[in-house]
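# Reading the structure
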Amino acid sequence: KEGAGKDPSAPAAAEPWKVGAYLSLSGAETQFGIETKEGIELAVDEVNKKGGVKGRPVKVFYEDNKSNPQETNNKVLQLVTRDKVVALLGEVASSRSTIGGIVANKHKIPMITSSATAPEVTQIGPFVFRVCFTDDTQGQMGAEFVVKTMGKKRIGILYASDDVYSSGLATQFRDAAKKLGGEIVVEKSFIKTETNFTTYINEIRDAKPELVYAPIYYNAMVPIARQAKAAGMPGSMFVGGDGWDAETLLQDAGEEMEGAYFTNHYAPDVPWPNAQAFLKAYKERFKRDPSSLSSLGYDSAQLLFDAMGRAKGDTPESIRDAIAETKNFAGATGTITIDPNRNADKSIVIVQIKNKKFTYFAAVNDKAQK
Ligand code: PHE
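Just so it is clear, the structure is predicted and the values come from calculations on it, not from any experiment. (Residues numbered from 1 in each chain as written. Predicted model: local features only at pLDDT ≥ 70, side-chain atom pairs only at ≥ 80, totals over all residues. Heavy atoms only, no water.)

Here we come to the side chain of asparagine 264. Mapping asparagine 264 onto the fold places it in strand β10 (residues 261-264). At 2.7 Å, the side chain of asparagine 264 forms a polar contact with the side chain of aspartate 245. Residues within four places of asparagine 264 in sequence aside, it is in contact with Phe133, Asp242, Asp245, Ser292, Ile348, Val349 and Val351. (Helix = DSSP H or I, 4+ residues; strand = E, 2+ residues; numbered from the N terminus. Polar contact = N/O pair within 3.5 Å; in protein donor to acceptor, adjacent residues only side chain to side chain. Contact = heavy atoms within 4.5 Å.)

Our next topic: the sheet that holds strand β4 (residues 111-113). Strand pairing in a sheet relies on backbone hydrogen bonds. The paired strands run either parallel or antiparallel. Within the open sheet, the five strands sit side by side as β2-β1-β3-β4-β5. Their pairing is parallel. The sheet is open, and its two borders are formed by β2 (58-64) and β5 (128-130), each paired with just one other strand. Neighbour-to-neighbour, the strand axes of this sheet turn through a mean angle of 25°, independent of strand direction. Both β4 and β5 contribute to a ladder of three bridges, which runs parallel. Directly across from isoleucine 112, in β5, lies its bridge partner phenylalanine 129. Of the strands in this sheet, β1 (17-23), β2 and β3 (87-89) are in contact with helix α2 (residues 69-81), which crosses β2 at around 155°. (Pairing = 2+ DSSP bridges. Axes fitted to C-alpha atoms, helices over the stretch in contact; angles between N-to-C directions.)

Let us now look at the sheet that holds strand β13 (residues 348-354). Pairing in this open sheet of seven strands is mixed, and the strands run β7-β6-β8-β9-β10-β13-β14 from one edge to the other. Where the open sheet ends on each side, the last strands, each with one partner, are β7 (183-190) and β14 (357-364). Sheet twist, expressed as the mean angle between neighbouring strand axes with direction ignored, is 25°. Judged from the seven bridges that link them, β13 and β14 form a sheet pairing that is antiparallel. Looking at β14, one finds that isoleucine 353 is bridged to phenylalanine 358. Across the sheet, helix α5 (residues 164-179) touches β6 (154-160), β7 and β8 (211-214), and the angle it forms with β6 is around 165°. Against the sheet, helix α7 (residues 218-230) makes contact with β6, β7, β8 and β9 (238-240), and its axis sits at roughly 170° relative to β9, the strand it touches most.

Along the chain, the position of serine 67 falls in the loop between β2 and α2. By relative accessible area, serine 67 is classed as buried at 13%. Counting along the chain gives 43 residues from serine 67 to serine 24, while the straight-line C-alpha distance between them is 4.6 Å. The contact partners of serine 67, leaving out residues within four places of it in the chain, are Ser24, Ser26, Gly27, Ala28, Glu29, Thr30 and Arg96. Within the structure, serine 67 has its side chain in polar contact with the backbone oxygen of serine 26 (distance 2.8 Å). (Buried < 20%, exposed > 50% of the residue type's maximum accessible area, 1.4 Å probe, protein only.)

A few words now on the nonpolar core. Counting 100 residues, the largest nonpolar core has Met221, Ile224, Phe238, Trp244, Leu304 and Phe305 as its most contacted members. Per-element tally for this core: the top contributor is helix α10 (residues 292-310), with nine residues. Residue contacts for leucine 304: discarding those within four places in its chain leaves Val19, Ala87, Leu89, Ile112, Ile319 and Ile323. Grouped together as the second largest cluster of nonpolar side chains are 14 residues, Val80, Ala104, Ile109 and Val128 included. (Core = buried A, V, L, I, M, F, W, Y, C linked by side-chain atoms within 4.5 Å.)

Before going further, it helps to spend a moment on the side chain of serine 300. Positionally, serine 300 belongs in helix α10. Apart from the residues within four sequence positions on either side, serine 300 is in contact with Leu89, Ile112, Ser114 and Val131.

Attention now moves to the site of the ligand. Lining the immediate surroundings of the ligand are 13 residues, of which Ser94, Ser115, Thr117, Tyr217 and Asp242 lie closest. The separation between an oxygen atom of the ligand and a polar side-chain atom of tyrosine 217 is 2.5 Å. With respect to the ligand, the side chain of aspartate 242 contributes an N or O atom lying 2.6 Å from a nitrogen atom. Surface burial for the ligand is 100%, taken as the share of its 320 Å² of free accessible area covered by protein chains. (Near = heavy atom within 4 Å. Areas by Shrake-Rupley, 256 points an atom, 1.4 Å probe, with all protein chains shown as cover.)

Here is the structure:
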């Protein structure tokens, strides 16, 4: 009624679900956070357009951890204690997901990391989940690709020693490659703050490997690709992991990296039906191809909303239980079943960099995508 203030008989506006997302929206790995956030935003819009979850809209509280460990701890604590979120999404990197996971698990708030692949992350405890594959599988598949598919035996490795993802994946790869008959002829590591890699590159080149496995992030791979090219090593000599997947790599070193392969979660031209629906929606909104981070961000949010809808109650504990029971969830990055260790056993895509684009080459560890 006009001018009469609130009509007491009208139904109260449904209280929104509060979900927290902590991401690297500034600092060294900004691109990771931004791309993930885009995927989450798309998922939130889609669920709210359908009337929300159990009739209540979803509201996401985003926090920027500045790509920094201490900030991660502070921001996740804020989301949990001040904002009282019922669930958390994040982080991209394994190192920061470990920090956030410890806080989430302690406060019994379920957390789903979209893309942290280090095995340690979900081992934190019963409240920590992921929608991506783990690095044991990724390292194994990378080694099989290098030794069996490419037929390379003399292998070099270059990684960041102070990053849990990079050093962990290097270890998984090294063990698997040796078992398959590969020989590690040279191995170099750097720390994340370094920007000049020429000494390592020269030492690697002089050991004459046929190929170099570089499980590092895009922000290190860009200068490495440039400096390697100047030292006479083309980017196609490198094979990487999912940490390469950011637009910036293509923009800043696409030419140098032409022909290189890496293991990944997704490629824009991956022939899976669910991926195509996501791709179309993403392209309409953002006017470019999504990265695997956007796709995984989207899947982490969609899977969470699906679990919230199935949960017996609306408490963090009941949402946790529903996430744990997820089976054959149709995600943009493949069909996701959460296993008893709170991981997702999934297909891995081999991507090739072609004409400054991430191009689908093959699927391995194939889980018969529906
Ligand atoms: N898997 C990486 C990690 O665990 C993060 C990442 C995923 C980076 C996908 C880029 C693309 O740290």
